[in-house]
Amino acid sequence: MAVELKILAWSCLLLLVHIFAAAHIKTRQYGTKWNMGARDEELPPLNAVGGRLVRAQANFLETYPIAIITLLGVVVAGKTSDMTAVGGWLWLGARIIYLPLYGMGIPALRTLVHLASLVGLGLVFQALVS
């Protein structure tokens with residue numbers, strides 16, 4: 001199996017971590033009844049950590065389609081290489097590191113890690129379009 005497909009498989013787990021991390025904090029703040037209910041009621045704003053985890057999840061989802069397309073694209077096009085593997089692992093590793101950095105509210109380092117993830121996607125994209 002192409003390493004790029006393994007990276008995509010692990011990224012599915014990371015997406016679940018994002019979803020459950022945000023849901024856990026929301027449930028802790030709003031309660032189990034809210035979690036199991038229709039969620040129609042007006043709620044106070046999330047606490048700081050909850051808000052950051054929800055924004056981190058949204059940020060992940062902004063670039064996730066690009067990762068899926070580029071990583072699948074190099075496999076389908078037969079353009080996998082050591083560089084696409086490095087790019088994919090760089091993207092995934094940076095995204096794993098990004099979540100706790102954002103959750104802890106560490107701004108500058110978080111931004112650098114996000115840029116590293118984009119560099120990883122750029123490496124894969126470059127191979128796809130060349």
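All of the points below concern the structure found in this document. Chains are numbered independently. Their residues run from 1 in the order of the written sequence. Since the coordinates come from a predicted model, pLDDT governs what is reported: local features require at least 70, and pairs of side-chain atoms require 80 or more to be given and counted, while whole-chain, interface and lining totals use all residues. Only hydrogens and water are removed before side-chain values are computed, so all heavy atoms of the structure are retained for them.

**Here's the deal with the environment of Cys12**
Counting from the N terminus, the helices are DSSP H or I runs at least four residues long and the strands are E runs at least two residues long. Along the chain, the position of Cys12 falls in helix H1 (residues 3-30). Relative accessibility decides the category of a residue: with a 1.4 Å probe and only protein chains considered, values under 20% of the type maximum give buried, values over 50% give exposed, and everything between is partly exposed. On the accessibility criterion, Cys12 (43% relative accessible area) is partly exposed. Between the C-alpha atoms of Cys12 and Thr80, which are 68 residues apart in sequence, the distance is 20 Å.

**As for the packing of aromatic side chains**
For any pair of aromatic rings, the description consists of the separation of the ring centres together with the inter-plane angle of the planes. Each aromatic pair joins two rings of Phe, Tyr and Trp (for Trp, the six-membered one) with centres within 6.5 Å, and gets the label stacked for planes under 30 degrees apart, edge-to-face for over 60, and tilted for any other angle. Counted according to the given criterion, the structure contains five aromatic pairs. Between Tyr64 and Trp91, the aromatic rings sit 6.1 Å apart at their centres with planes inclined by 10°, giving stacked as the arrangement. One end of the pair, Tyr64, is in helix H3 (residues 48-76); the other, Trp91, is in helix H4 (residues 82-103), with 27 residues separating them in the sequence. Of the two residues examined, Tyr64 and Trp91, each falls in the buried class. Taken together, Phe60, Tyr64 and Trp91 form an aromatic cluster joined through their ring pairs. Counted as over-ring charges are cases with an Arg CZ or a Lys NZ within 6 Å of the ring centre that also lie within 35 degrees of the ring normal. Here Arg39 stacks its cationic end above the ring of Trp34, 4.4 Å away from the centre of that ring. One Lys or Arg, Arg110, reaches over the ring of Tyr102 and ends 4.1 Å from the middle of that ring.

**Digging into the packing of H1 against H3**
Note on method: axes are straight lines fitted to C-alpha atoms, helices fitted across the in-contact stretch only, with angles between N-to-C directions ranging 0 to 180 degrees. Relative to each other, H1 and H3 sit at 165°, their axes nearing to 10 Å. Classified by the angle between their axes, H1 and H3 sit roughly antiparallel to one another. As for the relative orientation of H1 and H3, their crossing is left-handed in sense. Under the scheme applied, nonpolar residues are Ala, Val, Leu, Ile, Met, Phe, Trp, Tyr, Cys and Pro; charged residues are Asp, Glu, Lys and Arg; polar residues are all the others, including Gly. Taken together, the residues of the contact of H1 with H3 sort by class into 23 nonpolar, four polar and two charged. Throughout this description, any angle smaller than 35 degrees is read as roughly parallel, any larger than 145 degrees as roughly antiparallel, any in the 65 to 115 degree range as roughly perpendicular, and the remainder as oblique. Throughout, a crossing is termed right-handed when the near helix is turned clockwise from the far one, and left-handed when it is turned anticlockwise from it by less than a right angle.

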